[in-house]
Amino acid sequence: MKLNDIRISTIGGTICSIWASISLGDVLQTVLTAALGTLVSFATSRLLGRYSKRRRP
């Protein structure tokens, strides 16, 4: 076996073990959490932008 074959086998095994441990529910929860975080970040930046425009002389 060459060194590249060992690396590819190791990476493939790692990916397969991670893939088997992730469920659809985990993926959906991550997507929803990311979307909520994006919305909160956007709303906060808009509110701070409006607030800073009012405070300028």
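Since the model is a prediction, treat every value here as computed from it, not as a measurement. In this convention, every chain numbers its residues from 1, walking through the sequence in written order. Residue-level local features of this predicted model are given only where pLDDT is at least 70; pairs of side-chain atoms are given and counted only at 80 or more, and the full residue set underlies all totals for whole chains, interfaces and linings. As a convention, hydrogens and water are excluded, and side-chain values are obtained from all of the structure's heavy atoms.

Before going further, it helps to spend a moment on the overall build of the protein chain. Assigned secondary structure in the protein chain consists of two helices and zero strands. Only the C-alpha atoms count toward the radius of gyration. The rule for a globule is 2.2 Å times the residue count to the power 0.38. In summary, the protein chain has a C-alpha radius of gyration of 22 Å against a globular reference of 10 Å for 57 residues, an excess of more than 25%. Overall, the protein chain is about 70 × 30 × 5 Å in size when its C-alpha atoms are taken along their principal axes. The buried share of the protein chain, taken over its 57 residues, is 0%. Under the DSSP-based scheme used, a helix requires at least four consecutive residues in state H or I and a strand at least two consecutive residues in state E, with every element numbered from the N terminus. Only protein chains enter the area calculation, which uses a 1.4 Å probe; residues under 20% of their type maximum are buried, those over 50% are exposed, and those in between are partly exposed.

Moving on, we come to a positive patch on the surface. In this scheme, patches are assembled from residues that exceed 30% relative accessible area and form no salt bridge. Like charges are connected within 9 Å, while nonpolar side chains (Val, Leu, Ile, Met, Phe, Trp, Tyr) are connected within 5 Å. Surface accessibility in these figures is a Shrake-Rupley result with a 1.4 Å probe; residues are shielded only by whichever protein chains are displayed. Just to be clear on terms, a salt bridge is a Lys or Arg side-chain nitrogen sitting within 4 Å of an Asp or Glu carboxyl oxygen. We count Lys and Arg on the positive side and Asp and Glu on the negative side, and we leave His and both chain ends out. Charge positions are represented by NZ for Lys, CZ for Arg, CG for Asp and CD for Glu. A cluster of basic residues, Arg-46, Arg-50, Lys-53 and Arg-54, forms a positive patch at the surface. Here Arg-54 is to be found in helix 2 (residues 24-55). Overall, the relative accessible area of 71% leaves Arg-54 in the exposed class.

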